[in-house]
Amino acid sequence: MTKYDLYKLLKEELGNGSKDLVTRPSGEKIRRRIERDIEKEPDGSVIALDFSKIGVIDYSCADEIIAKLVSRLLSGEYGDKYLLLSGLNENQKENIEVAVERKDLAVMAEMTDGGRAVLGNLNSYLKDTLDFIIKKKKATSKDLSDAKKIEANTSGTRLLNLYKKRLVKRVEDIRSDGKVWAYELL
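These remarks concern the structure in this document. Everything numeric in this text was worked out from a predicted model, so none of it was measured. (Residues numbered from 1 in each chain as written. Predicted model: local features only at pLDDT ≥ 70, side-chain atom pairs only at ≥ 80, totals over all residues. Heavy atoms only, no water.)

## Some thoughts on unusual backbone geometry
Only a minority of non-glycine residues have a phi that is not negative, and only a minority of peptide bonds are not trans.
Point 1. Phi at Thr23 is positive, roughly 80°, even though this residue is not glycine.
Point 2. Tracing the chain through its elements places Thr23 in the loop between α1 (6-14) and α2 (24-40).
Point 3. The class for Thr23 is partly exposed, based on a relative accessible area of 36%.
Point 4. For Asp104, which is not glycine, the phi dihedral falls at a positive 55°. (Helix = DSSP H or I, 4+ residues; strand = E, 2+ residues; numbered from the N terminus. Buried < 20%, exposed > 50% of the residue type's maximum accessible area, 1.4 Å probe, protein only.)

Put into structure tokens, the structure is as follows:
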């Protein structure tokens, strides 16, 4: 996992002494910097945007940075990469959640207490599947089928949909009976 310290990026890009992410133009500058840095990361990278030293993030900045990054990530603009928001407090979470919900997106977040949450829109059966992966850290389609008493093709589809939304990472797991896809927590 590669951590991007948003406070450090804020200082470098805006140089104004603030610890708050506010206004759309400020958000655009920060997002463009993050995009330049993401392009240099190898495929399979998990990029953690660290909010722990940030004060406030307003809706317009959350929309400009987070919603646009997630949207572009899903469209494949950055390759096979993943985004995790880390060190979020409840106020930051609320504004970011509104921004991604309005665009019908979802993003994984790690709160200041270390708990994981999905921000944005995700239907109930995918939330249930994601909760399963959060608890287990890593799961295969068979693991999910056995635990939830659902058909293998249903569990495979659910896991694949979470992967396509970049909410879990898909890795090849080599077992005694061959290779299988495993889905793991970011």
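## Considering the packing of helix α5 (residues 124-136) against helix α7 (residues 152-164)
What describes two packed helices is the angle between their axes and the distance between those same axes.
Point 1. At a closest axis distance of 10 Å, the pairing of α5 and α7 adopts a crossing angle of 85°. Considering their axes alone, α5 and α7 lie roughly perpendicular with respect to each other. In contact with Tyr125, Leu126, Asp128, Thr129, Leu130 and Ile133 of α5, α7 contributes Arg158, Leu159, Asn161 and Leu162.
Point 2. Each residue belonging to the contact of α5 with α7 can be placed in one class, and the counts come to six nonpolar, two polar and two charged. (Axes fitted to C-alpha atoms, helices over the stretch in contact; angles between N-to-C directions. Parallel < 35°, antiparallel > 145°, perpendicular 65-115°, else oblique. Contact = heavy atoms within 4.5 Å. Nonpolar A, V, L, I, M, F, W, Y, C, P; charged D, E, K, R; others polar.)

## Focus: the environment of Gly114
Point 1. Here Gly114 is to be found in the loop between β4 (106-111) and β5 (116-120).
Point 2. Here Gly114 falls in the partly exposed class, since its relative accessible area comes to 41%.
Point 3. Sequence spacing of Gly114 and Leu88 is 26 residues, and the spatial spacing of their C-alpha atoms is 9.3 Å.

## Let's talk about α7
Point 1. With 13 residues, α7 should reach 18 Å at 1.5 Å per residue; the first-to-last C-alpha distance of 18 Å fits that figure.
Point 2. Restricting attention to buried positions, one finds in α7 the residues Ser155, Arg158, Leu159, Leu162 and Tyr163. Along α7, the residues classed as buried sweep out an arc of 140° about the axis, all on the same side. Of the exposed residues in α7, those oriented more than 90 degrees away from the buried face are Asn153 and Lys164.
Point 3. Where α7 is buried, its residues meet β3 (82-88), α5, β6 (138-140), α6 (141-148), β7 (168-175) and β8 (178-185).
Point 4. Backbone geometry just downstream of α7 places Arg166 in the positive-phi region, at approximately 65°. (Expected span 1.5 Å × (residues − 1). Arc of directions from axis to C-beta.)

## What to know about the sheet that holds β5
Across a sheet, paired strands are connected by hydrogen bonds in the backbone, their directions being either parallel or antiparallel.
Point 1. What the five strands build is an open sheet, ordered β1-β2-β3-β4-β5; its pairing is mixed. Each edge of the sheet is formed by a strand with only one pairing partner; in this case those strands are β1 (2-5) and β5. On average, each strand axis in the sheet is inclined to that of its neighbour by 30°, with strand direction left out of account.
Point 2. Where β3 meets β4, four bridges bridge the pair, whose relative direction is parallel. Bridge assignment links Leu88 to a residue of β4, and that residue is Met111.
Point 3. Where helix α4 (residues 90-102) meets the sheet, its contacts fall on β3, β4 and β5, and the angle it forms with β5 comes to roughly 40°. (Pairing = 2+ DSSP bridges.)

## What about the sheet that holds β6?
Point 1. One open sheet accounts for three strands, arranged β6-β8-β7; its pairing is antiparallel. At either end of the open sheet lies a strand with only one pairing partner, and these are β6 and β7. Averaged over all pairs of adjacent strands, the angle between strand axes in this sheet comes to 35°, irrespective of strand direction.
Point 2. Of the pairings in the sheet, the one linking β7 to β8 comprises eight bridges and is antiparallel in character. The partner of Arg170 across the bridge, within β8, is Tyr183.
Point 3. Docked against the sheet, α6 engages β6 and β7, running at close to 85° with respect to β6.

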